[in-house]
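Per-entry structural report
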Amino acid sequence: TTIDVAPGTMCPLEIAGALYFCFVEVLERAAPGTTVAISLRNEEGAVAFEIVAEGDLDAERLPLRDGIEALGGRVTIAEGSGGDISVTGSLPLSG
C-alpha cells in the first residue's frame, strides 16, 4: 500500500474524517497482499483523491459514496482493463 499526500494538502476535520473512512473501506475489502495506491491533493477549492486497488473489491457496493456525497462531494468508481478498481472523487473545501 502506498499513500501519497501532496505537500500543503489540508482540509477541515469533517472532510478528513470522510476521506479516512472512504480509504478504510477500500483497504478492508482488499485481499491480503493486494497493491493499493492512495493519493490526495488540493485542487481548486476542493480536496481530490484517488484510490487504485488490484482485484475485485465489489466497489459498487461500498457505502463510501454516501459519506462523500453527504458533504457535497463526488465519487466515481471504475474498473480498469487489467481488473484494477479506481475510486476517484473530490470534496469541496467550503460549503
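None of these values were measured; they are calculated from a predicted model.

**Section: the pattern of salt bridges**
In this structure the tally under the stated criterion is two salt bridges. Here E69 ties to R65 by a salt bridge, and the two come within 3.9 Å at their closest N and O atoms. Residue E69 and its partner R65 are located together in helix 2 (residues 64-70), separated by four residues, close to a single helical turn. Looking at E69, the relative accessible area reads 39%, which means it is partly exposed. Given the relative accessible area of 25%, R65 is considered partly exposed.

**A few points about the sheet that holds strand 4 (residues 74-79)**
The strand order across the open sheet built from five strands is 1-2-3-5-4, with neighbouring strands paired in mixed fashion. A strand with exactly one partner marks an edge of an open sheet, and here the two such strands are strand 1 (2-5) and strand 4. If you compare each strand with its neighbour and ignore which way they point, the axes differ by 10° on average. Here strand 4 runs beside strand 5 (residues 85-92); their pairing, made up of six bridges, is antiparallel. If you follow T76 over to strand 5, its bridge partner there is T88. The strands that helix 1 (residues 13-29) touches are strand 2 (36-42), strand 3 (46-53) and strand 5; relative to strand 3, the one it contacts most, it runs at about 5°.

Parameters and conventions
- Residues numbered from 1 in each chain as written.
- Predicted model: local features only at pLDDT ≥ 70, side-chain atom pairs only at ≥ 80, totals over all residues.
- Heavy atoms only, no water.
- Salt bridge = Lys/Arg side-chain N within 4 Å of Asp/Glu carboxyl O.
- Helix = DSSP H or I, 4+ residues; strand = E, 2+ residues; numbered from the N terminus.
- Buried < 20%, exposed > 50% of the residue type's maximum accessible area, 1.4 Å probe, protein only.
- Pairing = 2+ DSSP bridges.
- Axes fitted to C-alpha atoms, helices over the stretch in contact; angles between N-to-C directions.
- Contact = heavy atoms within 4.5 Å.

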